[in-house]
There are 2 protein chains.
Amino acid sequence: MLRLAGGPVDLAAVNTALTPGVFSREKAEAQLPKLAARLDELQERLFAAARGGDSRRRVLLVLQGMDTSGKGGTVRHVVGQLDPNGIRVTAFKAPTEEERAHDFLWRIRNALPAAGEIGIFDRSHYEDVLIARVRKLALPMVIGKRYQLINRFEQSLVADGAVLVKCFLHISPQEQSKRLLARLDDPRKLWKYNPGDVDERALWPEYQEAYRIALEKCSAEDAPWYVIPADHKWYRNYAITRLLVEALERIDPVYPQGGFDVEVERKRLLAV
Amino acid sequence: MLRLAGGPVDLAAVNTALTPGVFSREKAEAQLPKLAARLDELQERLFAAARGGDSRRRVLLVLQGMDTSGKGGTVRHVVGQLDPNGIRVTAFKAPTEEERAHDFLWRIRNALPAAGEIGIFDRSHYEDVLIARVRKLALPMVIGKRYQLINRFEQSLVADGAVLVKCFLHISPQEQSKRLLARLDDPRKLWKYNPGDVDERALWPEYQEAYRIALEKCSAEDAPWYVIPADHKWYRNYAITRLLVEALERIDPVYPQGGFDVEVERKRLLAV
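Criteria and cut-off values
- Residues numbered from 1 in each chain as written.
- Chains lettered and ligands numbered in written order.
- Predicted model: local features only at pLDDT ≥ 70, side-chain atom pairs only at ≥ 80, totals over all residues.
- Heavy atoms only, no water.
- Contact = heavy atoms within 4.5 Å.
- Buried area = accessible area lost by both parts, 1.4 Å probe.
- Salt bridge = Lys/Arg side-chain N within 4 Å of Asp/Glu carboxyl O.
- Helix = DSSP H or I, 4+ residues; strand = E, 2+ residues; numbered from the N terminus.
- Buried < 20%, exposed > 50% of the residue type's maximum accessible area, 1.4 Å probe, protein only.
- Polar contact = N/O pair within 3.5 Å; in protein donor to acceptor, adjacent residues only side chain to side chain.
- Least-squares fit on C-alpha atoms with pLDDT ≥ 70 in both.

Caption draft 1: Up close: the interface of chain A and chain B. Contacts between the two partners involve 44 residues from chain A, matched on the other side by 44 residues from chain B. Interface area, chain A with chain B, both sides summed: about 4200 Å², of which 63% is carbon and sulfur. When the area that chain A buries against chain B is broken down by residue, the three leading residues are Arg 76, Trp 191 and Leu 269 of chain A, summing to 18%. Across the chain A-chain B interface, the total number found is 8 salt bridges. A salt bridge links Asp 83 of chain A to Arg 76 of chain B, with the nearest nitrogen and oxygen atoms 3.4 Å apart. Put simply, the parts of the chain that give the side of chain A that touches chain B at least two residues each are helix 1 (25–51), helix 2 (71–77), strand 3 (87–91), helix 7 (173–185), helix 8 (196–201) and helix 11 (262–271) of chain A. The element that contributes the greatest number of residues to the side of chain A that touches chain B is helix 11 of chain A, accounting for 6 residues.

Encoded structure:
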């Protein structure tokens, strides 16, 4: 995958069917049990450090991508490996009337993970510079300012102990066509199909351009974007699992020791 | 397990170490993969029926029990089998100042699952007739009225399409002692230990009495309480998994057909 920490990006030059760093699906999937166990241990330590200690560390996974790119699938398969006690998943839809009455970051702030939690955004504040740009939902000047507001917002999160893992699930238009057709072909998948998706699909180049600008303007060393080739679901799941493990390893949370005397507590406990 | 739909209950007469309806741990665990697959399919159908259709059906799992009874473990092991896209987990702590400024059901309403979701409450509105009663956090008259308010509230949820699965995780005081000591003995579990738990433990009979009253007053045919013998974690997980499957089977959600013409959509899609 491609790590962006500032500077130009050419999305069209990224082959969405590649599986960088991985020899084969078998080799990747053979690593999954070990990765899942590592993730499990690190997540518990993150949670424990906030509960029993006073750590403010937390993780925010941001998932963006065109329709069918696998945001929901990532939540199911990658986030599904985590302990639900410590996660907070939010799927952002078109903003409600109440949300529109606030600034665009209001609903985002309300959905942030607390200390010790792993937050997951299925779509995010980036919609306000993606669909908003393509569909002209705001004046260009307003959208222009949002990149800066997003950067400041993300910097404040990082300063407060969050590690951001921003993933652009990059698929080809051919892969999207295949996936939308599969939804139409299967009565058990019909509910996932939305006629409006075809209207958005017709604006593919405009969306790619909006993504390019957002990824260029809102990447930083401590808030990078990852471009995940996502035509292969197994690679997407493997790559994002690894990113989560790496994010938690950077935090390297430790079990707190508890602010009490263990021997005193043992005696108190045995007395009742 | 014991199903309560009204009438008296004698909690002391329930053996917390039993595993009713199950011959052995091996037999129960052999059923888990099949139960998990069934749960997975039913959860997707519930989610789909709300998304693609207009079903208002949803499930609310309420977990109550003494400290260490396994509420968090149930979330980890039972809820962990579900797709995180369709769950909403809330762990209720001592109410904040803002929450106390509202009626006791305010924070509960804010945490309810939306149509298609499975909501999970780790503690709940019942704390307001449990710890509130034992610790005299409200006047007896105020607490007396809450049972009725809870019943009315739960009836309104059921009328709006919710299925309630209320589980009392019933452990013995000996089992609690064992589990608290285990937390003190393991540096990686120390963070779970809270000296205040010993103070609550000293009030064991008062809590059992508060549970008895709550279970008697707030059980109904369509909002029953289940008393889950919970000394054995594997039995607790098995029993609650089964209850969730049964709740979803009662709803029996169906995949919606989509409000569009599949052939028209196929043509539109192939044209872009």
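Caption draft 2: Looking closely at the side chain of Arg 45 of chain B. All names here are of chain B. Within the secondary structure layout, Arg 45 lies in helix 1 (residues 25–51). For Arg 45, a relative accessible area of 10% corresponds to the buried category. Polar side-chain contacts of Arg 45 include one of 2.7 Å to the side chain of Glu 41. Separated by 2.6 Å, the side chain of Arg 45 and the backbone oxygen of Pro 253 make a polar contact.

Caption draft 3: View of the relation of the copies chain A and chain B. Of the transformation superimposing chain A on chain B, the axial component is 0.0 Å and the angular component is 180°, with the fit at an RMSD of 0.0 Å. Those values place the two copies in the arrangement expected of a two-fold rotation axis. If distances are taken from each C-alpha of chain A to the rotation axis, the shortest is found for Gly 80 of chain A, at 3.5 Å. A share of 100% of interface residues in chain A that are also interface residues in chain B marks the association as one of identical surfaces.

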